[in-house]
Amino acid sequence: MKRRDLFRMGSLAALGAAGVSACGSGGGPGAAGSTRLQFMYWGSTFEKAAVEKMLKSFEQKNQDIKVKPVFTPDEYDVKLNSLVAGGNTPDLGYVPMSMSFRLAEQGNLVNLFPYLQKYPQLAGYLPDAYLWYGQDKLHGVATANEIELLWYSKSAIAAAGAATPPAVASSAWSWDQLVENAYKLTVDQNGKHPDESGFDPKQVRQFGISISLTYAAAWYGFLRGNGADFADEAGKKCLLDTPEAIQVFQNLQDLIYKHRVAPGPGQLAATGDDVPGTNILLKTKRVAMVVDGHWSLLDMNESKVDYGIGVLPKYAEPFTTSQVAGASSVFSTTKHVEEAVELFAFHIDPRYVDLYQQGLWMPQEKKYYEDQAAIDSWTKNDGHPPEFRTAVVDYARDHGVPDLRNRVKNLSAISSDVLTPALQQLESGKRPAAEVLKEVSPKITGMLQGWQHVQEP
């Protein structure tokens with residue numbers, strides 16, 4: 001599974017196959033009076049190594065605390081639910097976003113609000129990082145920040161004579177400019193473009209652009225930039241049937257079926273439904289430009305792709321979706337709340353975790369987007385291209401809008417029951433956007449329960 005698929009699921013079941021041991025109700029006292037904590041998490045092999053390195057660093061700075069990593073890369077949500085049901089949760093760790101609000105409301109997570117004064121770095125996060133479940137009730141923070149970007153193959157751009165996607169938000173392409181360049185970058189097996197006679201849409205060698213219709217983070221920035229939103233101010237009425245929203249989704253569908261510059265369902269699949277990662281799509285030139293998350297940077301560098309990073313095309317305003325890489329929380333069953341919170345504050349500090357410098361995560365503290373020395377500490381290395389400052393740091397700071405997953409109550413049920421099936425109809429090309437969205441919006445309205453609580457830390 002690709003990391004984008006994990007974000008899409010909301011449950012973040014992950015990569016590979018491994019079991020999870022019983023966590024022991026928050027651990028117990030260790031030898032010679034030491035405190036023992038258990039830290040549960042998911043991730044790739046690379047992320048596993050980075051987290052273990054971080055935990056060892058924490059132990060070195062806190063000689064009286066020992067931490068057992070509980071790496072759980074398979075069926076994370078299922079296994080965590082079982083541990084919660086048995087009262088056998090770890091002391092702290094990752095919590096799938098959709099699950100975190102439910103666990104907090106049930107009293108299974110520690111309210112971290114009283115600790116914001118003790119740990120000043122926690123009080124200096126980006127507003128969207130905080131996960132509130134009521135006034136002065138904070139059940140966790142987002143493990144990392146991520147935004148959607150326009151990735152492209154430099155060699156494909158050069159070969160087609162297309163314009164290089166802008167790396168500055170104020171210069172972002174219009175939608176028409178995106179389409180114009182996507183035409184130049186789309187060629188069939190005979191070298192013909194979609195606007196040329198004889199173009200064969202069933203034998204496309206390279207698509208110009210790929211944007212997911214079913215992944216909310218990919219289109220939510222466009223929605224907001226066009227003056228639309230998912231729901232009204234109260235979060236009780238769905239607005240996907242407004243003209244502005246319909247325009248966004250019809251434009252996305254038109255990339256596939258009208259302009260023929262984007263792949264339809266199954267056209268990129270290598271085996272079955274397995275779509276190669278963005279790094280492979282660009283390296284093999286199956287696609288010239290892809291809208292995907294910042295986390296792709298790590299794979300781009302490891303795969304040695306000749307890539308560039310651009311900002312997304314804009315409507316009235318340039319916006320990108322700021323996503324959260326799951327929640328980090330402290331479980332209420334822990335016998336060592338103070339020590340668990342100490343590790344909680346430590347485990348997402350860029351000074352101790354190299355996943356920020358390596359390109360998988362983006363920091364949550366504001367200073368890493370505002371202070372030059374702090375910005376350099378995670379971006380000034382060979383793994384971050386020259387345009388990273390404007391295309392990612394400045395873009396995230398000034399033009400990010402929060403993802404729906406940590407804002408809309410009941411989104412998991414809405415997505416699985418009505419939203420995703422409707423978007424799949426759009427993606428199939430069988431029905432136009434207006435028809436699909438006008439049909440599904442009242443159904444979504446009937447399920448909406450409002451926005452999640454937000455407040456200043």
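Residues numbered from 1 in each chain as written. Predicted model: local features only at pLDDT ≥ 70, side-chain atom pairs only at ≥ 80, totals over all residues. Heavy atoms only, no water.

1. A short note on the pairing of strand β1 (residues 35–41)
Counted residue by residue, β1 has six buried out of seven residues, so it is predominantly covered. Bridge count between β1 and strand β2 (residues 65–71): seven bridges; the pairing is parallel. Counted as the bridge partner of F39 is P69 from β2. (Buried < 20%, exposed > 50% of the residue type's maximum accessible area, 1.4 Å probe, protein only. Helix = DSSP H or I, 4+ residues; strand = E, 2+ residues; numbered from the N terminus. Pairing = 2+ DSSP bridges.)

2. A closer look at the environment of A167
Checked against the element boundaries, A167 lands in the loop between α6 (154–160) and α7 (175–185). If sequence neighbours within four positions are ignored, A167 has contacts with I309, G310, V311, E387, T390 and A391. (Contact = heavy atoms within 4.5 Å.)

3. Side note on the sheet that holds β2
Spatially, six strands are ordered β2-β1-β3-β12-β5-β4 in an open sheet, and the strand pairing comes out mixed. In this open sheet, the two edge strands, each paired with only one partner strand, are β2 and β4 (130–134). Across the sheet, the mean angle from the axis of one strand to that of its neighbour is 25°, orientation sign disregarded. As judged from the four bridges shared by strand β3 (residues 92–95) and strand β12 (residues 327–330), these two strands associate in the antiparallel manner. When the bridges of β12 are listed, V95 appears paired with A327. (Axes fitted to C-alpha atoms, helices over the stretch in contact; angles between N-to-C directions.)

4. Section: the pattern of salt bridges
One pass over the structure, following the stated rule, counts ten salt bridges. The salt bridge involving K53 is made with D354; its shortest N-O contact spans 3.4 Å. Residue K53 is found in helix α2 (residues 45–61), and its partner D354 is found in the loop between α12 (337–347) and α13 (355–358); the two are separated by 301 residues along the sequence. K53 sits in the exposed class, given a relative accessible area of 52%. Among the residues examined, D354 registers a relative accessible area of 22% and is labelled partly exposed. (Salt bridge = Lys/Arg side-chain N within 4 Å of Asp/Glu carboxyl O.)

5. A short note on the packing of aromatic side chains
Under the criterion given, the structure shown has 19 aromatic pairs. An angle of 20° between the planes, with centres 5.7 Å apart, marks the rings of W175 and Y315 as stacked. With W175 in helix α7 and Y315 in the loop between β10 (307–310) and β11 (320–324), this residue pair connects regions lying 140 residues apart in the sequence. Since its relative accessible area comes to 7%, W175 is described here as buried. Look at Y315 and you get buried, because its relative accessible area is 15%. Look at F222 and Y315: their rings are 6.3 Å apart centre to centre, the planes differ by 70°, and that puts the pair in the edge-to-face class. Of this pair, F222 sits in helix α8 (residues 216–225) while Y315 is found in the loop between β10 and β11, placing the two residues 93 residues apart along the sequence. Of the two residues, F222 and Y315, neither departs from the other in class, the shared state being buried. Clustering of aromatic rings is evident, with ring pairs tying together F39, Y41, W42, F71, Y76 and Y94. The ring of W451 has R407 sitting right over it, with the charged end atom 4.0 Å from the ring centre. (Phe/Tyr/Trp six-rings, centres within 6.5 Å; stacked < 30°, edge-to-face > 60°. Lys NZ or Arg CZ within 6 Å of the ring centre and 35° of its normal.)

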